[in-house]
Amino acid sequence: MAQLRVEPGRAGRMKLRRSLDAARRGADLLDQKLRILRARHQELSEAERVAREHWHRRLGEAESWLHRGLLLGGEEALDAVARPRPAELEVSWTSTMGVRHPGGASCTVPGRRPGDPAPPNTALVHAESAYADAVRAAAEYAAARAAARAVGAEVLSTGRRVRALRRHWVPRLEAALARADAALEQTEHEDAVRRRWAAPPEDPPPAA
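Note that the coordinates shown come from a computational prediction; the quantities given were computed from them, not determined experimentally.

1. Structural notes on the pattern of salt bridges
Stage number 1. Following the criterion strictly, the structure yields 14 salt bridges and no others.
Stage number 2. Residue Asp21 pairs with Arg17 through a salt bridge whose shortest N-O separation is 3.8 Å. Of this pair, Asp21 and Arg17 both sit in helix α1 (residues 9–73), four residues apart, which is roughly one turn of that helix.
Stage number 3. Classification of Arg17 by relative accessible area gives partly exposed; the value is 29%.
Stage number 4. Where Glu46 meets Arg49, a salt bridge forms, and the shortest distance between an N and an O atom there is 2.4 Å. Of this pair, Glu46 and Arg49 both sit in helix α1, separated by three residues, roughly a single helical turn.
Stage number 5. On the basis of relative accessibility, which here comes to 30%, the residue Arg49 falls in the partly exposed class.

So this is what it looks like as structure tokens:
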């Protein structure tokens, strides 16, 4: 790795010292951020897992009721059911250490309108309700998954920045500062020697 170019003298040493202090403070702040992000990511990952299991349960229930309804009424039973209207999704947003991510999701599944034909058997009525629950659960899972992914990506990014500072930038600055200290000490030593050589000789003591 190429050495840092340093302005000679005390001015260059002072700039290096300020850069090193700033790099160390930055690494400390990023470490704090990383700890908070990791804790939050763990919470969001657990919320994602719970939401995924909830969605799978609701979807399984809906498919079970649909299977029963088709066994009772046949495939043509679905022809009598009114075409569903689109669900409406609303996502709330929040942030964690500057990372914007979904805080939750609310999904509205329209019911049957007046005059719409009802499903021809009770199982399909239950299936209709169960699929509405599954859609709402899917929306909650999607929001939880997106939040966990967003914070997880920032954990990785922040971790890379901390490692770059701790393993590369700070050691380079420390090495450059050590070289600057040594060069400055050598220069001051040489200046002192030159001053001694340039000083006029002392007058000999008077004879007794």
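2. Looking at the side chain of His101
Stage number 1. In this fold, His101 is placed in strand β2 (residues 99–108).
Stage number 2. With a relative accessible area of 0%, His101 lands in the buried category.
Stage number 3. Apart from the residues lying within four places of it in its own chain, the contact partners of His101 are Arg40, Leu44, Ser92, Trp93, Thr94, Ser95, Thr96, Ala147, Ala150 and Val151.

3. Looking at the pairing of β2
Stage number 1. Bridge count for strand β1 (residues 88–96) against β2 is nine bridges, and the pairing is antiparallel. Among the inter-strand pairings, Glu90 is bridged to a residue of β2, identified as Ser106.
Stage number 2. Here β1 folds back onto β2 in antiparallel fashion, the turn holding two residues, of which Met97 has a positive phi close to 50°.

4. Remarks on the nonpolar core
Stage number 1. Core analysis: the largest hydrophobic core is formed by twelve residues, namely Leu16, Leu20, Ala23, Ala27, Leu30, Val162, Leu165, Val170, Leu173, Ala176, Leu177 and Ala180.
Stage number 2. For this core, the elements supplying multiple residues, two or more each, are α1 and α2 (122–198).
Stage number 3. For this core, the element with the most residues is α2, which contributes seven residues.
Stage number 4. With eight residues, the next largest nonpolar core counts Leu37, Val99, Ala148 and Val155 among its residues.

5. With respect to unusual backbone geometry
Stage number 1. Here Met97, not a glycine, exhibits a phi torsion of approximately 50°, which is positive.
Stage number 2. Position of Met97 relative to the elements: it lies in the loop between β1 and β2.
Stage number 3. With a relative accessible area of 39%, Met97 lands in the partly exposed category.

6. Observations concerning the packing of aromatic side chains
Stage number 1. In the structure shown here, the tally under the stated rule is one aromatic pair.
Stage number 2. Over the face of the ring belonging to Trp65 we find Arg68, whose NZ or CZ atom lies 4.4 Å from the ring centre.
Stage number 3. Stacked on the ring of Trp93, the Lys or Arg Arg100 has its end atom at 4.4 Å from the ring centre.

7. Overview of a nonpolar patch on the surface
Stage number 1. A cluster of nonpolar side chains, contributed by Leu89, Val91 and Trp93, occupies part of the molecular surface with about 300 Å² of accessible area.
Stage number 2. Along the polypeptide, Leu89 turns up in strand β1.
Stage number 3. Judged by its relative accessible area of 54%, Leu89 falls in the exposed class.

8. Describing the environment of Arg58
Stage number 1. Relative to the helices and strands, Arg58 resides in helix α1.
Stage number 2. Residues contacting Arg58, with those up to four places away along its chain left out, are Ala130, Asp133, Ala134 and Ala137.

What counts as what
Residues numbered from 1 in each chain as written. Predicted model: local features only at pLDDT ≥ 70, side-chain atom pairs only at ≥ 80, totals over all residues. Heavy atoms only, no water. Salt bridge = Lys/Arg side-chain N within 4 Å of Asp/Glu carboxyl O. Helix = DSSP H or I, 4+ residues; strand = E, 2+ residues; numbered from the N terminus. Buried < 20%, exposed > 50% of the residue type's maximum accessible area, 1.4 Å probe, protein only. Contact = heavy atoms within 4.5 Å. Pairing = 2+ DSSP bridges. Core = buried A, V, L, I, M, F, W, Y, C linked by side-chain atoms within 4.5 Å. Phe/Tyr/Trp six-rings, centres within 6.5 Å; stacked < 30°, edge-to-face > 60°. Lys NZ or Arg CZ within 6 Å of the ring centre and 35° of its normal. Patch = residues over 30% accessible without salt bridge, like charges linked within 9 Å, V, L, I, M, F, W, Y side chains within 5 Å. Areas by Shrake-Rupley, 256 points an atom, 1.4 Å probe, with all protein chains shown as cover.

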